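Secondary and tertiary structure notes
The lines below spell out each chain.
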Amino acid sequence: MSIAVSASIATDHLMRFPGRFADALLADQLDHVSVSFLVDDLQIRKGGVGGNIAYAMGVLNRTPLLVGAVGADFGEYRAWLEKNGVDCSTVRISERAHTARFVCTTDDDMAQIASFYPGAMSEARDISIGELAEDHTLDLVLIGANDPEAMLRHTAECRELGIPFAADPSQQLARLDGDQAVQLIDGAAYLFTNKYEWALLLQKTGLSEEEVARKVGIRVTTLGKDGVQIVDRDGTEVTVGVVPEVNKVEPTGVGDAFRAGFLTGHTVGLSLQRSAQLGSLIAVLVLETMGTQEWTLSKDDALERLTAAYGPEAAADIKPLL
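Residues numbered from 1 in each chain as written. Predicted model: local features only at pLDDT ≥ 70, side-chain atom pairs only at ≥ 80, totals over all residues. Heavy atoms only, no water.

Along the protein, the regular secondary structure elements total 11 helices and 14 strands. For the protein, whose C-alpha radius of gyration is 19 Å, the value lies close to the compact-globule estimate of 20 Å for 322 residues. C-alpha extents for the protein along the principal axes are approximately 50 × 50 × 45 Å. When burial is assessed residue by residue, the protein has 55% of its 322 residues classed as buried. Considering only residue pairs separated by 6 or more positions, the protein has 70% of its internal contacts joining residues 24 or more positions apart. The average position of the 27 basic charges and that of the 46 acidic charges among the side chains of the protein differ by 1 Å. (Helix = DSSP H or I, 4+ residues; strand = E, 2+ residues; numbered from the N terminus. Rg over C-alpha atoms; globule rule 2.2 N^0.38 Å. Buried < 20%, exposed > 50% of the residue type's maximum accessible area, 1.4 Å probe, protein only. Contact = heavy atoms within 4.5 Å. Lys, Arg positive; Asp, Glu negative; His and termini not counted. Charge placed at Lys NZ, Arg CZ, Asp CG, Glu CD.)

Structural data, given as structure tokens:
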């Protein structure tokens, strides 16, 4: 299957705070909070939801089509993605804005405080999925966090054209109203959220779990250290635990990595369980690395870790994709 990834493309500025945010935040003073954190480190890395997911799919020997908008400063990043198997031919280059910036500080609890400057990403709304479909086979379009108007446009176009799509609103749920959130998930073949985003989606839309189930195909909810819960079209639930980490370095991009692994597996015929296990493997590789696209995949190590976490049969089933 040909997968297009429509989502943000950004440069990440990642910092580490040697302490706990919770120790500096006073619950009864949050309405006029003013606090600064002196950080120990700054890493500038390639990132963005779209870039991260496409990179991981490329490492897994897929050739995803990246859909998004960037600035003229994208040249080095483009070369990196193309070297790792990503088709960047449809990425829009802005004539007036820089590539988006993600600025994030992580504390010792892996809690994060972040800001996102959209820059050229705002021009993603000018990209037409319909026009892309004239020149590219689009078997599935993942619509992730991006310019909100782009997300709504691309979702609507997929519905109109009958192109299966995966809804992954993630960080943009905080900005969307209930009606917009419903528009993004209605008719989705897959719905991805984390546990908090799932609760926020239900609160914003006013929908029950059963009503959401009638609007989407497969619901995938990541649960952090508790793994992932998947609800199939027929209501069957599958829960998969994580691959134990060697160490925790930086959680940014872990969810993107899971999505890439899961969709890579499921779109080539792996079961939901095996797809989630592959996603969990890719996720832990990102967790153990500074930077969302700095990790590498060793087949022997991957099989060893899959065997330890899920058993030899799981490793054997996933092995052809590594």
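This paragraph deals with the sheet that holds strand 3 (residues 41-47). Judged by pairing direction, the sheet is mixed, and its four strands sit side by side in the order 3-2-7-8 without closing on themselves. On the outer flanks of this sheet lie strand 3 and strand 8 (112-117), each paired with one strand and no other. Averaged over neighbouring strand pairs, the angle between their axes works out to 15° when direction is ignored. In this structure, strand 2 (residues 10-16) lies alongside strand 7 (residues 100-106), joined through seven bridges in parallel fashion. The residue bridging aspartate 12 from the neighbouring strand is phenylalanine 102, located in strand 7. (Pairing = 2+ DSSP bridges. Axes fitted to C-alpha atoms, helices over the stretch in contact; angles between N-to-C directions.)

Another aspect to go through is the sheet that holds strand 11 (residues 190-194). An order of 4-1-9-10-11-12-13-14 is seen for the eight strands of this open sheet, with the pairing classed as mixed. The open sheet is flanked by strand 4 (65-67) and strand 14 (237-240), the only strands paired with a single partner. Ignoring strand direction, the axes of neighbouring strands in this sheet form an average angle of 15°. Relative to strand 11, strand 10 (residues 165-168) runs parallel, the two sharing two bridges. Looking at strand 11, one finds that alanine 167 is bridged to leucine 191.

Let us look at the side chain of aspartate 168. Tracing the backbone shows aspartate 168 in strand 10. Looking at aspartate 168, its side chain comes within polar contact range of the side chain of arginine 259, at 2.9 Å. (Polar contact = N/O pair within 3.5 Å; in protein donor to acceptor, adjacent residues only side chain to side chain.)

We now examine the packing of aromatic side chains. Under the criterion given, the structure shown has 10 aromatic pairs. Relative to phenylalanine 21, the ring of phenylalanine 17 lies with its centre 5.7 Å away and its plane at 5°, an arrangement referred to as stacked. Taken individually, phenylalanine 17 and phenylalanine 21 each receive the classification buried, so the pair is uniform in this respect. Geometrically, the ring pair formed by phenylalanine 258 and phenylalanine 262 is stacked, given 5.9 Å between the ring centres and 25° between the ring planes. Of the two residues, phenylalanine 258 and phenylalanine 262 both sit in helix 8 (residues 254-266), four residues apart, roughly one turn of that helix. Pair check on accessibility: phenylalanine 258 and phenylalanine 262 agree, each one buried. Taken together, Tyr190, Phe192, Phe258 and Phe262 form an aromatic cluster joined through their ring pairs. The residue whose ring lies beneath lysine 46 is tryptophan 80, and the NZ or CZ to ring-centre distance is 5.4 Å. (Phe/Tyr/Trp six-rings, centres within 6.5 Å; stacked < 30°, edge-to-face > 60°. Lys NZ or Arg CZ within 6 Å of the ring centre and 35° of its normal.)

A few words on empty space enclosed by the protein. All chains considered together, the criterion is met by one cavity of 30 Å³ or more. Of the voids in this model, the largest cavity is the one considered here, and its volume is about 30 Å³. Contributing to the lining of the largest cavity are Ile143, Met151, Thr155, Phe165, Ala166, Ala167, Asp168, Pro169 and Leu184. Of all the elements in the fold, those that place two or more residues in the lining of the largest cavity are helix 4 (148-161) and strand 10. At four residues, the largest contribution of residues to the lining of the largest cavity is made by strand 10. Its residues assigned to classes, the lining of the largest cavity shows seven nonpolar, one polar and one charged. (1 Å grid on protein atoms, 1.4 Å probe; cavity = no way out; pocket = protein on both sides within 12 Å on 5 of 7 lines; lining within 4 Å. Points joined across faces, edges and corners; volume = space filled by probe spheres on them. Nonpolar A, V, L, I, M, F, W, Y, C, P; charged D, E, K, R; others polar.)

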